[in-house]
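Topology and contacts: notes
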Amino acid sequence: MSPKKEFSIIIPFKNWSSDLDECLIQIQKLSFKNFEVILLPDDPVEIPAVYQGMSISIIPTGAINPALKRDQGVSDSEGKYLAFIDDDAYPKNNWLDIAYKIFDTQPNTGAVGGPAITPNTDPFWARVSGAVFLSRFSGGFPERYIPKPPARVVNDWPSVNLIVRREIFEAVGGFDSEFWPGEDTLFCQKISQKTSKIILYEPELIIWHHRRKELQKHLRQIGNYGLHRGYFTKIFSGNSRKFIYFIPSLWVVFVLTGFVVSLFIKWVFIFYLAGWISYFIVLAISLKDICRYETKSVGYCAIPYILLTHLWYGIKFVQGLITTKLISSLGR
């Protein structure tokens, strides 16, 4: 009987795609070889011949959300560590080496996450979508999208690049969530509240993650994030109740009410104008940050994306706050 794998790489997805091919090709190149891959499509698929030499299990799940897919994948896996990645992402070749060293030398670390970088090969408008998140002023958490030393403790990390000790996963009951997106936020909250282990941000634990190629899809994704974050803020304590998540909604209130009131009260117009000047300064700082990692053309085109992102996220966050019961969609 072959020894158990150190890592189980868990990949939920709907249908086979060229992005998944890219993901598996790069997984084949990982320098740490003691792993298995658990693929979780909606319907049965055949493993292409090029991957026949890999330790791959295909577990059709039906049309369930990614959280439940991951839980099912873990139940049919054997790895000591559970490496979660999306089908439209791919890892750096030392991805598992870094995670193994952390778990081996830091017993207080229950999970480790790292940045999901936009590939340089992405189409122009996908890179614009990704650029929105490259500044703290435009996206809030640039360390999720570019390596930002030092390593540090976090209480929330996206499941696109999250590796967890199996015993911690089992101790908190897995993802076990009806929500998508946002299931990773609730999972990380359970780790922080129910275990004594930390979640570590490691800037060198790198994957690349493709972005949305169209503005409409970008805003749909952002809207889903805002909707769920607003709902989580209302019904859950913990990592969703950060002031930073309220800022876009406060900006929306300022933009709408300020405009109406300034039509009738002169001094309010001056205050309203000052607010917009401050916002344009923020956009200028964001542009400077973005151009450290992207071309100027991408940076300039990201400015209207940032404006629309802030407004739409703010609107959907408020919708989440006032929603009585949120039913997540499996659409993307």
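An account of the accompanying structure is given in this report. (Residues numbered from 1 in each chain as written. Predicted model: local features only at pLDDT ≥ 70, side-chain atom pairs only at ≥ 80, totals over all residues. Heavy atoms only, no water.)

Quick look at the nonpolar core now. Judged by nonpolar contacts, the single largest core of 33 residues is most densely connected at Ile9, Ile11, Ile27, Val37, Trp95, Leu96 and Ile163. Taken together, the elements giving at least two residues each to this core come down to β1 (7–12), α1 (18–28), β2 (35–40), β4 (81–85) and α3 (95–105). Beyond its immediate chain neighbours, meaning those up to four positions away, isoleucine 163 contacts Phe7, Tyr81, Leu82, Ala83, Trp95, Leu96, Ala99, Phe103, Gly110, Ala111, Val112 and Leu205. Residues Leu287, Ile303, Tyr305 and Phe317 belong to the second largest nonpolar core, which totals 25 residues. (Core = buried A, V, L, I, M, F, W, Y, C linked by side-chain atoms within 4.5 Å. Buried < 20%, exposed > 50% of the residue type's maximum accessible area, 1.4 Å probe, protein only. Helix = DSSP H or I, 4+ residues; strand = E, 2+ residues; numbered from the N terminus. Contact = heavy atoms within 4.5 Å.)

So, about unusual backbone geometry. In most cases, non-glycine residues show a negative phi, while peptide bonds are predominantly trans. Cis geometry marks the peptide bond from proline 149 to proline 150; its omega dihedral reads 5°. Cis geometry is adopted by the peptide bond preceding proline 181, which originates at tryptophan 180 and carries an omega value of -5°. Residue position: proline 181 is located in the loop between α5 (166–171) and α6 (183–194).

We now examine the packing of helix α8 (residues 243–262) against helix α9 (residues 266–290). Relative orientation of the contacting elements α8 and α9 amounts to 145°, with a least axis distance of 9 Å. When you trace α8 past α9, the crossing you get is left-handed. Taken together, the residues of α9 that come into contact with α8 (itself represented by Trp251, Phe254, Val255, Gly258, Phe259, Val261 and Ser262) are Val268, Phe269, Phe271, Tyr272, Gly275, Trp276 and Tyr279. Its residues placed into classes, the contact of α8 with α9 shows 11 nonpolar, 3 polar and no charged. (Axes fitted to C-alpha atoms, helices over the stretch in contact; angles between N-to-C directions. Left-handed = near helix turned anticlockwise from the far one by under 90°. Nonpolar A, V, L, I, M, F, W, Y, C, P; charged D, E, K, R; others polar.)

Moving on: the sheet that holds strand β11 (residues 207–209). Each strand in a sheet pairs with its neighbour through backbone hydrogen bonds, running either in the same direction (parallel) or in the opposite one (antiparallel). One open sheet accounts for 3 strands, arranged β5-β11-β7; its pairing is mixed. The open sheet has two edge strands with one neighbour each: β5 (89–91) and β7 (116–117). (Pairing = 2+ DSSP bridges.)

What follows concerns the pairing of strand β9 (residues 161–165). The element β9 is largely enclosed, with a buried count of 5 among its 5 residues. Here β9 shows two buried faces, one formed by Asn161, Ile163 and Arg165 and the other by Leu162 and Val164. Across 5 bridges, the pairing between β4 and β9 is antiparallel. In the strand pairing of β9, phenylalanine 84 is matched with leucine 162.

With that settled, the discussion passes to the packing of aromatic side chains. The way to describe two aromatic rings as a pair is by their centre distance and the angle between their planes. Within the structure shown, the criterion is met by 31 aromatic pairs. Relative to tyrosine 51, the ring of tryptophan 16 lies with its centre 6.3 Å away and its plane at 35°, an arrangement referred to as tilted. Placement of tryptophan 16 in the loop between β1 and α1 and of tyrosine 51 in the loop between β2 and β3 (56–58) is noted, with a sequence separation of 35 residues between them. On the basis of relative accessibility, which here comes to 2%, the residue tyrosine 51 falls in the buried class. (Phe/Tyr/Trp six-rings, centres within 6.5 Å; stacked < 30°, edge-to-face > 60°.)

Right, let's talk about the side chain of glutamate 183 for a bit. With respect to the helices and strands, the residue glutamate 183 is situated in helix α6. On the basis of relative accessibility, which here comes to 2%, the residue glutamate 183 falls in the buried class. In contact with glutamate 183, other than residues within four places in its own chain, are Ala67, Arg70, Ser159, Phe175 and Ser177.

Moving on: the side chain of histidine 209. Tracing the backbone through its elements, the reader meets histidine 209 in strand β11. A residue is classified by how much of its surface remains accessible, and histidine 209, at 11% relative accessible area, is buried. At 3.1 Å, the side chain of histidine 209 forms a polar contact with the side chain of aspartate 88. At a separation of 3.2 Å, a polar atom in the side chain of histidine 209 contacts the side chain of arginine 211. (Polar contact = N/O pair within 3.5 Å; in protein donor to acceptor, adjacent residues only side chain to side chain.)

We now examine the layout of surface pockets. When its volume is computed, the second largest pocket comes out at roughly 200 Å³. Lining the second largest pocket are 16 residues, with Ile117, Thr118, Asn120, Tyr293 and Glu294 positioned closest to its centre. Secondary-structure elements contributing two or more residues to the lining of the second largest pocket are β7 and α4 (124–131). In terms of residue count, α4 provides more of the lining of the second largest pocket than any other element does, 3 residues in total. For the lining of the second largest pocket, the class distribution of residues is 10 nonpolar, 3 polar and 3 charged. (1 Å grid on protein atoms, 1.4 Å probe; cavity = no way out; pocket = protein on both sides within 12 Å on 5 of 7 lines; lining within 4 Å. Points joined across faces, edges and corners; volume = space filled by probe spheres on them.)

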